[in-house]
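# Structure assessment
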Amino acid sequence: TVACEALTYATIGAVLLTALAKPAFRAVNEENWLKQTDLAVTFLDSGGQVLGKRGILHLESVAVEQLPEHLVKAALGTEDRRFYEHFGIDIGGLFRAMMSNARAGGVVQGGSTITQQLAKNLFLNNERTLDRKIKEAFLSFWLEARLPKNEILRLYLDRAYLGNGVFGVQSAAEHYFGKNVRDITLAEAAMIAGLFKAPSRFSPTVNLPDARARAADVLSNMVEAKFLTPGQVAAALRNPATPIERNTDTVADYALDFAFEQIRQLAATGKLGNERVLTVRTPIDRNLQRHAERSLEAILREQGPKYGVSQAAMVVLDHDGGLRAMIGGRDYGQSQFNRATQAMRQTGSSFKTFVY
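Residues numbered from 1 in each chain as written. Predicted model: local features only at pLDDT ≥ 70, side-chain atom pairs only at ≥ 80, totals over all residues. Heavy atoms only, no water.

### Digging into helix H6 (residues 149-159)
Here is the rule we go by: We call a residue buried when its accessible area falls under 20% of the maximum for its residue type, exposed when it is over 50%, and partly exposed in between, using a 1.4 Å probe and counting protein chains only. The helix count covers DSSP runs of H or I at least four residues long, the strand count covers runs of E at least two residues long, and both are numbered beginning at the N terminus.
Where burial is concerned, most of H6 is hidden: nine out of the 11 residues are buried. If you check which residues of H6 are buried, you get Lys149, Ile152, Leu153, Arg154, Leu155, Tyr156, Leu157, Asp158 and Arg159.

Below is the structure:
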C-alpha cells in the first residue's frame, strides 16, 4: 500500500513537473539556442555615419581561464558564491535571501544564481512574475545539464548588460576604463562587478560616488566569501577606480535600444537567417535628434517645476513613417526606460487637431 501511494504521488508529481516545464522549453530553439541573442549591430544615421552599436560581438569573447582572477572572484563573490557547487539553483542562497528580505521589509538581496540570470538573458524577459521564475528555474537545470560551469560563466559575463548600452565585461572594460579586460585592476574589476544587478544606478559615468560605494561592497563581499584577505583589498579600497573621460557626443540611445529590440524580434522569427553581425541604416537625423534633445531639456528646465513635470518623451516621424528622432526620457544615463515606447500611458489629445 505504501509503495502504491508513493508511486501515485510520484506520478502526480511527474505530471505536474512536466506541465510546468513545457512552457519553459517553448522558449528554446533546440537547434540554434546558443545563437538566440548572439547579435552585434552597428547603426548608421540617415547620412550613413555611425550612430552607435548594440549587442554582443563574440569576436571579443574571452574565455574564463583568460580573465583576471580578481574579476571572476568579484563576479562570483557578489552574484553567486556557490556557483561551482549548485546545479542551477542555490537553495541555501535562496533561503538566505528570503530571510534577509523579510527582515528588511523589502527586496535587499536577490536569490538568483548566475545560471538563472543567464537563462533569463537568453530566453526570457524581465517581467517580475511567478510564471517567469518557474520557467527560469527549469531552464537553469536545462543549461546546467548541457554546458560545463565555465561555459555558463563565460556566456553570462559576455551577455550581461553593464550600462550605457554596453554588454559584457570586455566591452565594459573598454568603455569605462579604455583597456582590455585582461588588464583591469582589482578596483576596476570590483566596479564592473558592481554593475551586474543595477547597471543604470551604479554606472561610473552617471554616478561615480555610488559606483565607488558599490565597488567597496563588492570588495567586502570578496573578503566575506574568503576569496581575498582584507590586506589584499586594502589598496583597492584606498584607491577606487576612475573611469576615463569619454566623448559624450552620443545621440539617439533610446532610438537605438528600440531599433535593437526590433532586430532581435526579426532574428527570433528567422527572417535574418544566420546573420548575427549586422550594419543597419536608420532614418534618424543626427542634427534633428540633437535639436530635439536640447529643446526638450530647455522646456523641462523652464516649465517643469511649474507643472510638476520631471520627464518627457518625443517622437519625430517623416511623412513616410521613418523615425527621424526619438527621446524616451530626460537623461538616458539615469534611466533607460523609454517613455516613448514602453510607458503604458494615454497620450494627450491636444495633438489630435494637428494630426487630423
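Additional details are given in the paragraphs that follow.
### Considering the confidence of the model for the chain
Cut-off, in case you're wondering: Confidence scores per residue from the predictor, reported as pLDDT, run from 0 to 100. The contact rule is simple, with two residues in contact once any of their heavy atoms fall within 4.5 Å.
Averaged over every residue, the pLDDT of the chain is 81; residues scoring 70 or more account for 79%. When pLDDT is averaged over each helix and strand of the chain, the minimum, 49, is found for helix H1 (residues 2-25) and the maximum, 96, for helix H8 (residues 186-193). Low pLDDT, under 50, characterises residues 9-22; the predicted model gives this stretch four contacts beyond four residues in sequence or across chains.

### Digging into the environment of Ala325
With respect to the helices, strands and loops of the structure, Ala325 is situated in strand S5 (residues 323-327). The exposure class assigned to Ala325 is buried, which follows from its relative accessible area of 1%. Residues Ala325 and Glu293, 32 residues apart in the sequence, show an inter-C-alpha distance of 9.1 Å. Contacts of Ala325, omitting those with residues within four sequence positions, involve Leu288, Gln289, Ala292, Met314, Val315 and Val316.

### Overview of the pattern of salt bridges
The cut-off we apply is this: When a carboxyl oxygen of Asp or Glu lies within 4 Å of a side-chain nitrogen of Lys or Arg, that pair is called a salt bridge.
Tallied over the full model, the rule gives 15 salt bridges. Across the pair Arg286 and Asp45 runs a salt bridge, and its minimum N-O distance is 3.1 Å. Pair noted here: Arg286 is in helix H12 (residues 286-307) and Asp45 is in the loop between strand S1 (40-44) and strand S2 (50-55), with a separation of 241 residues, a long-range link. Here Arg286 falls in the buried class, since its relative accessible area comes to 18%. The salt bridge partner of Arg330 is Glu297, with a shortest N-O separation of 3.0 Å. Taken together, the positions of Arg330 in the loop between S5 and helix H13 (352-355) and Glu297 in helix H12 put the pair 33 residues apart, joining distant regions of the chain.

### Some remarks on the packing of helix H2 (residues 69-79) against helix H9 (residues 208-224)
Put simply, the rule is: Angular values range over 0 to 180 degrees, each being the angle between N-to-C directions of two axes fitted as lines to C-alpha atoms, with helices fitted over their stretch in contact. An angle below 35 degrees is read as roughly parallel, one above 145 as roughly antiparallel, one from 65 to 115 as roughly perpendicular, and any other as oblique. In this classification, Asp, Glu, Lys and Arg are treated as charged, Ala, Val, Leu, Ile, Met, Phe, Trp, Tyr, Cys and Pro as nonpolar, and every other residue, Gly included, as polar.
Where H2 meets H9, the axes come as close as 8 Å, and the angle between the chain directions of the two elements is 90°. Here H2 is positioned roughly perpendicular relative to H9, judged by the angle of their axes. Between H2 and H9, the residues in contact are His70, Lys73, Ala74, Gly77, Thr78 and Glu79 and Arg214, Val218, Asn221 and Met222, respectively. Of the residues that constitute the contact of H2 with H9, the class distribution is three nonpolar, four polar and three charged.

### Quick look at the sheet that holds S2
Strand pairing in a sheet takes place through backbone hydrogen bonds and is either antiparallel or parallel in direction. Stated precisely, the cut-off is as follows: Should DSSP find at least two bridges between two strands, the strands are regarded as paired.
Read across the sheet, three strands follow the order S2-S1-S3 without closing on themselves; strand pairing throughout is mixed. Edge positions in the open sheet fall to S2 and strand S3 (277-281), since each of these has one partner strand only. The average undirected angle you get between the axes of adjacent strands in this sheet is 20°. Relative to S3, S1 is paired through five bridges, and the arrangement is parallel. Bridged to Leu44 within S3 is Arg281. Against the sheet, helix H11 (residues 253-268) makes contact with S1, S2 and S3, and its axis sits at roughly 50° relative to S2, the strand it touches most.

### Some words on the environment of Val251
Take Val251: it is sitting in the loop between helix H10 (230-238) and H11. Val251 sits 36 residues away from Asn287 along the chain, and the two C-alpha atoms are 9.3 Å apart. Ignoring any residue separated from it by four or fewer positions in sequence, one finds Val251 in contact with Leu51, Arg286, Gln289, Arg290 and Glu293.

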